[in-house]
Amino acid sequence: MKIAIVCYPTFGGSGVVATELGLELAKRGHEIHFITYKQPVRLALLNPNVFYHEVTVPEYPLFHYQPYELALSSKLVDMVKMYHIELLHVHYAIPHAYAGYMAKQILKDEGIRIPMVTTLHGTDITLVGNHPNYKSAVTFSINKSDIVTSVSQNLKDETNKFFKITKEIEVIPNFIELDKVEVAEGTPCYRTLMAKDSEKIITHISNFRKVKRIPDVIKIFYAIQKEIPAKLMMVGEGPEKEKAELLCESLGILDKVIFFGNSNEIDKILCFTDLFLLPSETESFGLAALEAMACGVPVISSNTGGLPEVNSDGFSGYLSPVGAIESMSSNAISILKDEATLKLFKKNAMEVAKRFDITQILPMYEAVYEKAIQNQHNTIL
Ligand code: GMT
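Residues numbered from 1 in each chain as written. Predicted model: local features only at pLDDT ≥ 70, side-chain atom pairs only at ≥ 80, totals over all residues. Heavy atoms only, no water.

Q: Lay out the domain arrangement of the protein chain in plain terms, naming residues and giving numbers.
A: Under the domain assignment, the protein chain is made up of domain 1 (2-175 + 358-380) and domain 2 (178-356). A straight line from the C-alpha centre of domain 1 to that of domain 2 covers 31 Å. Counting residues at the interface gives 22 residues for domain 1, matched by 20 residues for domain 2. In total, about 1500 Å² of surface goes out of reach between domain 1 and domain 2, with carbon and sulfur atoms giving 54% of it. Here domain 1 is connected to domain 2 by 0 salt bridges. Run the count over domain 1 and domain 2 and you get 5 residue pairs in polar contact (both at pLDDT 80 or more). (Domains from an automatic or database assignment. Contact = heavy atoms within 4.5 Å. Buried area = accessible area lost by both parts, 1.4 Å probe. Salt bridge = Lys/Arg side-chain N within 4 Å of Asp/Glu carboxyl O. Polar contact = N/O pair within 3.5 Å; in protein donor to acceptor, adjacent residues only side chain to side chain.)

Q: Now, about the nonpolar core: what can you tell me, with residues and values included?
A: The tendency in soluble globular proteins is for nonpolar side chains to be buried side by side. Ranked by size, the top nonpolar core spans 72 residues in total, and within it Leu120, Phe276, Leu290 and Tyr369 carry the most contacts. Each of domain 1 (2-175 + 358-380) and domain 2 (178-356) contributes no fewer than three residues to this core. Residues Phe221, Leu275, Ile333 and Ile335 belong to the second largest nonpolar core, which totals 27 residues. (Core = buried A, V, L, I, M, F, W, Y, C linked by side-chain atoms within 4.5 Å. Buried < 20%, exposed > 50% of the residue type's maximum accessible area, 1.4 Å probe, protein only.)

Q: Please provide a residue-by-residue account of the pattern of salt bridges, values included.
A: Under the counting rule described, the total for this entry stands at 21 salt bridges. Among the salt bridges present, the one from Asp216 reaches Arg213, with a minimum N-O distance of 2.6 Å. Residues participating in the shared-partner salt-bridge network are Glu24, Lys27 and Glu177.

Q: Which residues make up the state of the cysteines, and what values do they have?
A: One pass over the structure, following the stated rule, counts 1 disulfide. Each sulfur in the disulfide pair Cys189 and Cys271 lies 1.8 Å from the other. As the torsion about the S-S bond is roughly -110°, the Cys189-Cys271 disulfide counts as left-handed. Taken together, the positions of Cys189 in the loop between β7 (169-171) and α7 (191-194) and Cys271 in helix α10 (residues 266-271) put the pair 82 residues apart, joining distant regions of the chain. (Disulfide = S-S within 2.5 Å. Helix = DSSP H or I, 4+ residues; strand = E, 2+ residues; numbered from the N terminus.)

Here it is as structure tokens:
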């Protein structure tokens, strides 16, 4: 199939999922065209089936806001015609589903029918899309998609609760490419670079937005290091980072916390990690938690959104109510306190991650694409 994938190219779950999905589809022989404003961070172009088309928005002094949706719609139309693309897969409703719908309409006017699959990722529904300024356009573009998928059952339920959705939403969970995870037995882990043998390594990875509850991460670590020698790896960039550094300083733990910034070496960091913290306010899925689990890292998380569908309470880690710092800290300590317990949780985490291996999930997307194309074909007939 010839598929156009529209996504956000930045560090962040939806862009990562879209990129990894496209690359895997390309490996299976599909022709994949990424269409976005910047080359996605995890996109490797050395594959004859992978194309990248940049959307540029010409600046004009009259515009206070540059019309990205317009440029994206036009680019989609042009690329569909030029490369004979058969299907649009847009990740994140805002504004991609809206721009995709416009492209479909323009193409229809020229006698070209193309189906659109929209994948909902979370913040496009729970945080941004729900805002009254966006709601009607988001509802419209979801309902006008040919097939809608969501990354968790919880996100499907939330979408149906907050929007008047007339379409059935199919749940296709996020995935991990277990083959690629560099923690195979015997791989060097460079643990000694980051901590002493006696210290446990705790990690948090996110885009440091308010929704990630960064102060909770630090407070949980503060409680852990009082009981167990430990270091905290803070990976990512975002608006809460500066405050996080100040909080570490005021708690007197700055020497135990390493702020990495954005990293393309997540697997390497997870390789020497003992425990992952994700106390988010909401999380439609929690891809970062799954990536940790795939590297055999147990997860202490909140029990919000889709996290209970990923992290198995008392098995791959523990779940606590949002903001329950004490419970998260004592659960973390209970995992880290002896080697046997830690080893068991590590093994369990990897076992749960196996359910989300790309080899299980990718055929679900292929089936959805085939259905969308077939339905389109039947409508024309
Ligand atoms: O919250 C983020 O880290 C970014 C955000 C995004 O839109 O890229 O992530 C959302 O999509 C991810 C991939 O499906 C999910 O794993 C995250 O849970 C979800 N974030 C939220 O729901 C807050």
